[in-house]
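# Analysis of the macromolecular model
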Amino acid sequence: MFEYLFDGLATAMSLSVLPVLFFGVLGGIILGALPGLTATMGVAILLPFTFGMEATPALVMLIGVYIGGIYGGSIAAILLKTPGTPASAATVLDGHAMAIKGQAARALSIAAVASFVGGLISTIVLIAIAPKLAAFALRFNAPEYFALALFGLTIIASVSAKNILKGLLAGSIGLLVCTVGLDPISSVPRFTFGVMDLYSGINVIPVLIGLFALSEGLNQLEKILSEKVVVPPKFDRKLLSKTDLKEMLPTAVKSGLMGTTIGSIPGAGADISAFVCYNEAKRSAKKPEEFGNGSVHGLAAAEAGNNGVTGGSLVPLLTLGVPGDAVSAVLLGALIVQGLTPGPLLFSQNPEVVYGVFSSMLVANLVMLVIGLVGIRFFCRIIEVPKIIMIPMIIFLSIIGAYAINNSMFDVGIAITFGLMGFVFNKLEIPSSPILLAIILGPMAETNLRKSLLMYEGSWSFLYERPIALAFILLAIFSVYSTMKMKKKQAQQEKEVAEKAAQSS
């Protein structure tokens with residue numbers, strides 16, 4: 001194995017592969033930073049260009065785009081409160097809070113290092129225990145997927161910073177939205193009202209663009225119109241300190257391992273991983289009240305979690321031929337185009353390709369870190385652009401991004417609708433994140449719950465008869481309990497501070 005790995009590193013560093021890898025990562029970062037242009041879309045766009053290439057450079061370029069695209073989404077999330085990809089939705093919570101405080105460079109450097117740590121851990125795990133992790137992922141059936149989704153949905157309570165009831169309201173709206181379209185089991189149309197575009201359901205990307213990009217654009221536009229003089233925000237150019245690095249590393253390592261495990265489960269992507277890791281970091285934090293206000297742990301958990309999926313999703317793809325997420329499904333097509341058959345025989349028949357990909361992932365994460373840190377001074381200049389110019393550009397790019405998904409004006413309408421909804425909800429102090437979280441996890445929960453009930457002939461015994469499902473159910477209960485306890489403690493502390501302030505006055 002080590003011989004193939006060293007040969008793969010030599011291949012990755014060769015003049016024929018390294019430039020391809022570099023431009024793949026750079027292109028992925030640029031695509032990821034643009035709202036609506038996801039890593040999946042970037043890999044799919046470049047797939048036809050690999051048809052005339054050799055197997056290793058072709059796969060290396062596509063994986064470079066994948067790794068760069070997942071990280072790139074954090075740039076827009078931090079600077080503009082606009083997640084470039086669904087995987088960066090959790091990054092907004094603390095990343096943008098840092099940028100508002102003038103710590104944009106610090107936030108971007110933390111995101112780059114956390115992404116590198118998550119990606120590196122994911123790749124090392126992929127190399128070391130790919131077959132074993134794939135065997136664990138194979139034990140997941142409908143009951144386990146339902147329990148995982150249920151555990152993920154408990155995060156709604158955690159991300160509802162000030163008012164859990166408002167968070168539950170937002171989550172309920174998200175669950176209602178994800179019921180639109182054909183029933184996943186019986187294919188009966190639900191809430192389509194005869195509109196053909198609604199038969200396939202409501203795409204999560206236009207919803208994301210509307211809730212975060214367009215609503216933020218409208219908020220900023222309102223501020224511009226109400227202010228007589230618009231002062232460009234100032235920020236320092238200080239990157240993360242040694243204290244930040246020491247503080248974030250344990251969280252990044254833990255989230256990277258969690259992201260790798262979640263990524264190895266087919267169907268559980270980077271967006272789910274980011275929220276699950278964020279929730280776990282908040283649950284185990286010494287100062288959970290800092291989350292949502294610029295927490296180093298929150299930002300590190302979200303970025304290490306979503307980048308941990310990059311290696312994890314390749315585990316079932318390479319060992320079993322089962323794609324772990326949408327990007328690895330496109331990579332499956334790339335392997336087939338190159339005449340390679342994913343599965344156990346790939347390791348014995350084409351080890352040079354497999355370990356060439358493994359080695360290139362190590363180098364790609366390093367390239368991503370270098371570009372991320374070197375590019376911070378250029379990324380931060382986005383904030384210096386006058387808002388009167390930047391905000392219309394954000395709105396324009398958001399509409400273009402919504403249209404580009406399916407070349408559909410209907411998706412543009414969805415984005416605008418949710419943009420207005422997000423704008424109104426912001427006024428009412430109703431969080432937007434639970435809506436997105438429910439839309440992502442809702443279909444997974446509903447489909448697998450109904451499959452489980454069919455498997456067990458209407459019995460709910462699968463909730464306690466299957467150990468993995470039971471473990472996730474218990475984690476969900478513990479997550480809700482710990483969140484409620486934390487909120488109660490926080491409210492008590494705020495009350496004590498208010499009473500002391502009243503007594504001193």
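Values in this document were obtained by computation on a predicted structure and should not be read as measured data.

For the chain, the count of helices and strands is 24 helices and 2 strands. Residue pairs in contact within the chain that sit at least 24 positions apart in sequence constitute 78% of those at least 6 positions apart.

Attention now moves to the packing of helix α5 (residues 91-100) against helix α13 (residues 296-312). Running from N to C, α5 and α13 point in directions that differ by 130 degrees, and their axes come no closer than 8 Å. As the angle between them shows, α5 and α13 are arranged oblique. Crossing of α5 against α13: the hand is left-handed. Side by side, α5 and α13 meet where T91, D94, G95 and M98 of the first sit next to V296, G298, L299, A302, E303 and N306 of the second. Grouping the constituent residues of the contact of α5 with α13 by class yields 4 nonpolar, 4 polar and 2 charged.

Attention now goes to the packing of helix α9 (residues 164-177) against helix α22 (residues 433-455). Taken N-terminus to C-terminus, the directions of α9 and α22 make an angle of 40 degrees; their axes are 7 Å apart at the nearest point. As summarised for this structure, α9 and α22 are arranged oblique, according to the angle between their axes. For α9 against α22, the interelement crossing comes out right-handed. Across from G167, A170, G171, G174, L175 and V177 in α9, the residues of α22 making contact are P434, I435, A438, I439 and G442. Across the contact of α9 with α22, the residue classes tally to 7 nonpolar, 4 polar and no charged.

With 26 residues, helix α4 (residues 55-80) extends 38 Å between its outermost C-alpha atoms, agreeing within 8% with the 38 Å of an ideal straight helix rising 1.5 Å per residue. Within α4, the axis deviates most sharply at G69, by approximately 25 degrees. The buried fraction of α4 amounts to 26 of the 26 residues, a majority that puts the element mostly inside the structure. Positive phi appears at K81, one or two residues downstream of α4, with a value of about 55 degrees.

Right, let's talk about the pattern of salt bridges for a bit. Following the criterion strictly, the structure yields 9 salt bridges and no others. Here R106 makes a salt bridge to D244, at a shortest N to O gap of 2.8 Å. Linking R106 in helix α6 (residues 104-137) with D244 in helix α11 (residues 242-263), this pair joins segments that are 138 residues apart in sequence. Between R450 and D183 there is a salt bridge, with the nearest N and O atoms lying 2.6 Å from each other. On the criterion of sequence distance, the pair formed by R450 in helix α22 and D183 in the loop between β1 (181-182) and β2 (189-190) is long-range, its members being 267 residues apart. Overall, the relative accessible area of 26% leaves R450 in the partly exposed class. For D183, a relative accessible area of 8% corresponds to the buried category. A single salt-bridge network, built from bridges that share partners, covers D183, R190, E446 and R450.

Take the side chain of S255 next. Position of S255 among the secondary structure elements: in helix α11. Take S255: its relative accessible area is 1%, and that puts it in the buried class. In this structure S255 touches C277, A301, A304 and G305, once residues within four positions along its chain are discounted.

Structurally, V207 can be placed in helix α10 (residues 204-226). Residues V207 and P86 lie 121 residues apart in sequence; the distance between their C-alpha atoms is 10.0 Å. Residues in contact with V207, not counting those within four places in the same chain, are I202, I414, F418 and I439.

Cut-offs applied
- Residues numbered from 1 in each chain as written.
- Predicted model: local features only at pLDDT ≥ 70, side-chain atom pairs only at ≥ 80, totals over all residues.
- Heavy atoms only, no water.
- Helix = DSSP H or I, 4+ residues; strand = E, 2+ residues; numbered from the N terminus.
- Contact = heavy atoms within 4.5 Å.
- Axes fitted to C-alpha atoms, helices over the stretch in contact; angles between N-to-C directions.
- Parallel < 35°, antiparallel > 145°, perpendicular 65-115°, else oblique.
- Left-handed = near helix turned anticlockwise from the far one by under 90°.
- Nonpolar A, V, L, I, M, F, W, Y, C, P; charged D, E, K, R; others polar.
- Expected span 1.5 Å × (residues − 1).
- Bend = angle between axes of the 7 residues up to and from the residue.
- Buried < 20%, exposed > 50% of the residue type's maximum accessible area, 1.4 Å probe, protein only.
- Salt bridge = Lys/Arg side-chain N within 4 Å of Asp/Glu carboxyl O.

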